[in-house]
Amino acid sequence: MLIKRSSNGIDLPYSSEITPRAVFEARRDFIRKMAVGSIAGTALFEMANRAAFAQNAGAQKLAANLNSAYALVEKKTAYKDATTYNNFYEFGTDKADPAITAHTLKTRPWSVSIEGEVKKPMTLDLDSLVKLAPLEERIYRLRCVEGWSMVIPWVGYSLSNLIKKVEPTGNAKYIEFVTLEDKKQMPGLRSPVLEWPYVEGLRMDEANHPLALLTFGMYGEVLPNQNGAPVRMVLPWKYGFKSAKSIVKIRFVKDQPRTAWNIAAPSEYGFYSNVNPDVDHPRWSQATERRIGEDGLFTRKRKTLMFNGYSEVASLYSGMDLKKLF
Amino acid sequence: MLLTNKQVSWFKIVLFILALLPFIRLVSFVFLDKLGANPVEFITRNTGDWTLYFLCFTLAVTPLRKLLHMPWLIRCRRMLGLYAFFYAFLHFMTFLWFDHFFDVAEMWKDVIKRPFITVGFIAFVLLIPLAATSTNAMIKRLGGKRWQWLHRLIYLIAPLGVLHYFWMKAGKNDFSQPVLFGLIVAGLLMIRLWWRWFGRDPVVVTGA
């Protein structure tokens, strides 16, 4: 699925032509380990492991130009960490589960139905959805409500492109994302940890914010199943669970949607769930976070930033008491 | 089943090594870089799990000893209890060191503010006097009766540990494991109540 394009007039190399970070890191690591003459057996084993994970064998490339407005200079999280440490309860509650069990998810054929308060309801198959707007690569911080964070290069386009196309009516105040619910493909559905299907939602102005990314890929490839294939939301100023995965339905609605985690524990997970260092989770502080792959055992956790550092969304919430509407 | 003194000694050596294996595995993972994406979380959960396992093992000694007619098992109980303390100590140190970087004021805020940490902290603090009075000399100094009373704190510590785990999991809505631990601990405590209320050793049916 190579889509040739040069938006922004910037002629950047396709991300697929760049040596993936994990690979060159692995090379450097290898050289270093050889140089210090560490225990060769272990080093070689580790090296082989990492190289194998550097790229998802046989994964489809999904090329897109980097949008320089969202080109973070922070170090990207290793592909292996981003694809083996996931919260995706449809595939198990342990963060190691999805990478092991999500192979049962069938991402083709796939269609997304867009319905509710819109003038042009439609059902789009995945290919039409991907082609709806130019794909961009954006490097976003991801902050999990559990207190850890990653930096991930996503591939997608602003959700506003889709919203424009279906022409919401004046009644459309909120937007609701519904994840696939299929027991045959998703072993986690057997457990009643959440109300299925997984539903997430946004206020209309939030959904229209350019940061809200309808996402099809990461690290220059189509999304791995465990990361929410084939299409998901990425909302970098909100805690990770707000970004619905494996979306089959997008509904435009009048009333604030009942969202999965809010139903499960309303005192712990608010509808907005904006990243906010001043509003603690009842069971842990949100003031700091551990960056996966960087803040290890002997490093202090780093400070969490308001809106995860995306201050451009602040105007969406002016006049709101974010301590109450957390 | 009766064992000779020598056999019991061997059994204890094997048990000691087995009980140390989780720790050796953890340390080797640190050096082999196998703790996964979030090493602190891995260590915290691993040491917490093993604390609960050893609390259950310790509580299981008396019922097993009676039910299986293996009186010598009592000689392993101190070691199992001390291992429970050992893993609880590692669990606490992970919290204090890797999570709070020895910022005791910060840690204290966490302990007071969050009930699941409060409960875990209390359970750990209560384990300290038990570990400290585990030597033969201390048993003598306290006197058997008083020592036994003190060590009945385990009946409080184990449920507190399960509650700590239950509350930790509460927000994730995933209760299967805490409930399992809860049932095991409840079973181990109930059997004692049963014996207390309905005679000493109702299970001695066959001539052992």
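**Thoughts on the overall build of chain B**
Right, so step 1: Scanning chain B for helices and strands turns up nine helices and zero strands.
Right, so step 2: In chain B, the succession of α and β elements from N to C terminus is α-α-α-α-α-α-α-α-α.
Right, so step 3: Taking 17 Å as the expected radius of gyration for a compact globule of 208 residues, we find that chain B reaches 19 Å, a close match to that expectation.
Right, so step 4: Projected onto its principal axes, the C-alpha positions of chain B cover 55 × 40 × 35 Å.
Right, so step 5: Within chain B, buried positions represent 26% of all 208 residues.
Right, so step 6: Counted over contacts in chain B with a minimum sequence separation of 6, partners at least 24 positions apart contribute 65%.

**Re the nonpolar core**
Right, so step 1: Ranked by internal contacts, the top residues of the largest apolar core, which has 78 residues, are I152, L159 and M233 of chain A.
Right, so step 2: Ranked by residue count, the leading element in this core is strand β5 (residues 148-158) of chain A, at seven residues.
Right, so step 3: Filtering out sequence-adjacent residues up to four positions away, L159 of chain A remains in contact with A207, A212, L213, L214 and M233 of chain A.
Right, so step 4: Membership of the second largest hydrophobic core comes to 33 residues, among which are F57, L59, I117 and A123 of chain B.

**Considering helix α2 (residues 39-67) of chain B**
All names here are of chain B.
Right, so step 1: Counted at 1.5 Å a residue, the expected span for α2 with its 29 residues is 42 Å, and the 41 Å between its end C-alpha atoms agrees.
Right, so step 2: In α2, a bend of some 35° at V61 exceeds every other bend along the element, and P63, a proline, comes one to four places later.
Right, so step 3: Remark: H69 follows α2 within two positions and exhibits a positive phi of approximately 55°.

**Re the interface of chain A and chain B**
Right, so step 1: Between chain A and chain B, the residue contacts involve 20 residues of the former and 15 residues of the latter.
Right, so step 2: If you list the elements that add at least two residues to the side of chain A that touches chain B, you get α2 (40-54) and α3 (79-84) of chain A.
Right, so step 3: Taken together, the residues of the side of chain A that touches chain B break down into nine nonpolar, five polar and six charged.

**What to know about the sheet that holds strand β11 (residues 247-253) of chain A**
Residue and element names in this part refer to chain A.
Right, so step 1: Read across the open sheet, the five strands follow the order β3-β2-β11-β6-β7; overall the sheet is mixed. With partners counted over all chains shown, the strands left at the sheet margins are β3 (122-125) and β7 (199-203), one partner each. Mean inter-strand twist for the sheet, computed between neighbouring axes without regard to direction, equals 15°.
Right, so step 2: Pairing geometry for strand β2 (residues 111-116) and β11, over four bridges, is parallel. Counted as the bridge partner of I114 is I250 from β11.

**Description of unusual backbone geometry**
Residues and elements named next belong to chain A.
Right, so step 1: W196 connects to P197 through a cis peptide bond whose omega is -5°.
Right, so step 2: Mapped onto the secondary structure, P197 falls in the loop between β6 (174-179) and β7.
Right, so step 3: The peptide bond linking A229 to P230 adopts the cis configuration, its omega dihedral lying at -5°.
Right, so step 4: Of note, P230 is situated in the loop between β9 (221-222) and β10 (232-234).
Right, so step 5: For S246, which is not glycine, the phi dihedral falls at a positive 40°.
Right, so step 6: Relative to the helices and strands, S246 resides in the loop between β10 and β11.
Right, so step 7: The buried category is assigned to S246, around which 29 C-beta atoms lie within 10 Å.
Right, so step 8: Of note in this structure, S273 is not a glycine but carries a positive phi near 45°.
Right, so step 9: Tracing the backbone through its elements, the reader meets S273 in the loop between α8 (260-264) and β12 (288-291).

**Overview of the pairing of β11 of chain A**
Right, so step 1: Where β6 of chain A and β11 of chain A come together, six bridges link them in antiparallel fashion. Each bridged residue has a counterpart across the sheet, and for I175 of chain A the counterpart in β11 of chain A is F252 of chain A.

**What about the packing of helix α3 (residues 74-99) of chain B against helix α5 (residues 115-132) of chain B?**
All names here are of chain B.
Right, so step 1: Closest axis-to-axis distance for the α3/α5 pair is 10 Å, and the angle between their directions is 140°. By the angle between their axes, α3 is oblique relative to α5. Here α3 runs over α5; the crossing is left-handed. Across from G81, L82, F85, A88 and F92 in α3, the residues of α5 making contact are F124, L127, L130 and A131.
Right, so step 2: Its residues assigned to classes, the contact of α3 with α5 comprises eight nonpolar, one polar and no charged.

**Focus on the environment of Y198 of chain A**
Right, so step 1: Along the chain, Y198 of chain A falls in the loop between β6 and β7.
Right, so step 2: The residues touching Y198 of chain A, leaving out its near neighbours within four places in the chain, are E90, T179, A244 and A260 of chain A.

**Comments concerning the confidence of the model for chain A**
All names here are of chain A.
Right, so step 1: On average, residues of chain A carry a pLDDT of 86, and 82% of them reach 70 or more.
Right, so step 2: In the predicted structure, residues 1-14 sits below a pLDDT of 50 and forms 22 contacts with residues beyond four places in sequence or in another chain.
Right, so step 3: Counting contacts from residues 30-55, a segment whose pLDDT is below 50, to residues more than four positions away or on other chains yields 21 contacts.

Each value, and the rule that gives it
- Residues numbered from 1 in each chain as written.
- Chains lettered and ligands numbered in written order.
- Predicted model: local features only at pLDDT ≥ 70, side-chain atom pairs only at ≥ 80, totals over all residues.
- Helix = DSSP H or I, 4+ residues; strand = E, 2+ residues; numbered from the N terminus.
- Rg over C-alpha atoms; globule rule 2.2 N^0.38 Å.
- Buried ≥ 20, exposed ≤ 12 C-beta atoms within 10 Å, placed from the backbone.
- Contact = placed C-beta atoms within 7 Å.
- Core = buried A, V, L, I, M, F, W, Y, C linked by C-beta atoms within 7 Å.
- Expected span 1.5 Å × (residues − 1).
- Bend = angle between axes of the 7 residues up to and from the residue.
- Nonpolar A, V, L, I, M, F, W, Y, C, P; charged D, E, K, R; others polar.
- Pairing = 2+ DSSP bridges.
- Axes fitted to C-alpha atoms, helices over the stretch in contact; angles between N-to-C directions.
- Parallel < 35°, antiparallel > 145°, perpendicular 65-115°, else oblique.
- Left-handed = near helix turned anticlockwise from the far one by under 90°.
- pLDDT = per-residue confidence, 0-100.

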